[in-house]
Amino acid sequence: MSRELKEITRNIKILHSSTQSNFRYSLRPLRLCVCRGLVGGGSAKQGFTLIEIVVVLLVIGLIIGGAIAAISFNSDERALSNQSAEIEMLAKKARTAAILHQTPYALEFRQHSVELIPLAQTKNTERKTALGNSIGGSSSTEKATSNPRSTLSIDSDITLTMRRWNTESFIAPTEDKFIVWRFDPDGLCEPITVRLVLDDSYAQDTYHPLTATIAVSELEAN
């Protein structure tokens, strides 16, 4: 009997130990993850509404429009500035040539170009301003062939006009009539104003009669 009791007691201990090992659990609190849209069988992913798409497209359109306007503005300003600087450089060259060769030189303004040539070789040689005032210097009949000549092209989209000294209206060269800007051997030139127009933008430069450089400059790019 005692042997049976011992056997029963040993079996109970074995069963108790195995039960404790199988029913161990963690005392950490249970965490629940509630995902938006999962309740009721919905999808976790949400799409954009029509209003949100329209707003985004409007913002993109405004950004692109502003960028295009800025590029156009900078392009017009750059084109006018470059053309103005090229004309000024050609004027300095004409003044230098007149002094070095001691003969009058001229810039001959055409519709889409400006040419540096000796005054005697201009097609419409002008000795006076529109008001009849003398430009200065003396006439020259020299047919210089070794003297410098240079031609500057004007952008076809740019309209060039010129205003004589002491006048108010701008005149434009035509196919039959060229405008002559004279440079004399004493370094003097007529203080003209050159205006370049590109669409709604313009550059206007008034030249100094002693230096043939721009004395007053206006630039408006729209």
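On a predicted model such as this, the values are computed, not experimentally measured, just so you know.

Things to note about the sheet that holds strand S8 (residues 214–220)
- The strand order across the open sheet formed by four strands is S4-S6-S7-S8, and the pairing between neighbours is antiparallel. Only two strands of the sheet have a single neighbouring strand rather than two, namely strand S4 (159–163) and S8. Going across the sheet, the axis of each strand differs from the next one's by a mean of 15 degrees, ignoring polarity.
- For strand S7 (residues 201–207) and S8, the ladder comprises six bridges, and the chain directions are antiparallel. Bridge pairing in S8 places Asp-205 opposite Ser-217.

So, the environment of Thr-167
- Relative to the helices and strands, Thr-167 is located in the loop between S4 and strand S5 (179–183).
- When the C-alpha atoms of Thr-167 and Ile-192 are compared, they prove to be 9.5 Å apart, with 25 residues separating the residues in sequence.
- Reaching out from Thr-167, the side chain makes a polar contact with the backbone oxygen of Arg-164 at a distance of 2.7 Å.

Some words on the side chain of Arg-182
- Take Arg-182: it is sitting in strand S5.
- Here Arg-182 falls in the buried class, since its relative accessible area comes to 2%.
- A polar contact is formed between the side chain of Arg-182 and the side chain of Asp-184, at a distance of 2.7 Å.

Details of a nonpolar patch on the surface
- A surface patch of nonpolar side chains, about 620 Å² in accessible area, is lined by Phe-48, Ile-53, Val-56, Leu-57, Ile-60 and Ile-64.
- Position of Phe-48 relative to the elements: it lies in the loop between helix H1 (2–22) and helix H2 (50–101).
- A residue is classified by how much of its surface remains accessible, and Phe-48, at 72% relative accessible area, is exposed.

Here's the deal with the packing of aromatic side chains
- Tallied over the full model, the rule gives three aromatic pairs.
- Ring geometry for Phe-109 versus Trp-181: centroids 6.4 Å apart, planes at 25 degrees, classification stacked. Here the residue Phe-109 occupies a position in strand S1 (residues 105–109), and Trp-181 occupies one in strand S5, the gap between them amounting to 72 residues.
- Owing to a relative accessible area of 0%, Phe-109 belongs among the buried residues under this scheme.
- Residues Trp-181 and Phe-183 carry aromatic rings whose centres are separated by 4.7 Å and whose planes lie at 45 degrees to one another, so their mutual orientation is tilted. Across the pair, Phe-183 and Trp-181 agree in class, each one buried.
- By the ring-pair criterion, three or more aromatic residues cluster together here, those being Phe-109, Trp-181, Phe-183 and Tyr-207.
- Over the ring of Phe-178 we find Arg-110; its NZ or CZ atom is 4.8 Å from the centre of that ring.
- Cation over ring: Arg-195 sits above Tyr-202, and NZ or CZ is 4.1 Å from the ring centre.

Rules behind the numbers
Here the residue numbers are simple positions, counted from 1 along each chain's written sequence. It should be noted that, the model being predicted, local features are given only for residues of pLDDT at least 70 and side-chain atom pairs only at 80 or more, the latter also being counted only at that level, while totals for whole chains, interfaces and linings use all residues. By convention in this description, side-chain values take in all heavy atoms of the structure and omit both hydrogens and water. Two strands are said to pair when DSSP picks up at least two bridges between them. Going along the chain from the N terminus, every DSSP run of H or I of four or more residues is numbered as a helix, and every run of E of two or more is numbered as a strand. As a rule, the C-alpha atoms of each element are fitted with a line to give its axis, helices using only the stretch in contact, and angles between N-to-C directions run from 0 to 180 degrees. Definition of a polar contact: a pair of N or O atoms within 3.5 Å, with one able to donate and the other able to accept a hydrogen when the atoms are protein atoms, and with sequence-neighbouring residues admitted only if both atoms are side-chain atoms. Whether a residue is buried, partly exposed or exposed follows from its accessible area with a 1.4 Å probe, protein chains only, as a fraction of its type maximum: under 20%, in between, or over 50%, in that order. Here a patch means residues that are over 30% exposed by relative accessible area and free of salt bridges, tied together within 9 Å if like-charged and within 5 Å if nonpolar (Val, Leu, Ile, Met, Phe, Trp, Tyr). Note on areas: Shrake-Rupley with a 1.4 Å probe; residue coverage comes only from the protein chains shown. For this document, the term salt bridge refers to a Lys or Arg side-chain nitrogen within 4 Å of an Asp or Glu carboxyl oxygen. Ring pairs are drawn from Phe, Tyr and Trp, using the six-membered ring of Trp, whenever the two centres fall within 6.5 Å, and their geometry is named by plane angle: stacked under 30 degrees, edge-to-face over 60, tilted for the rest. Lysine NZ or arginine CZ positioned within 6 Å of the ring centre and within 35 degrees of the ring normal marks a charge as sitting over the ring.

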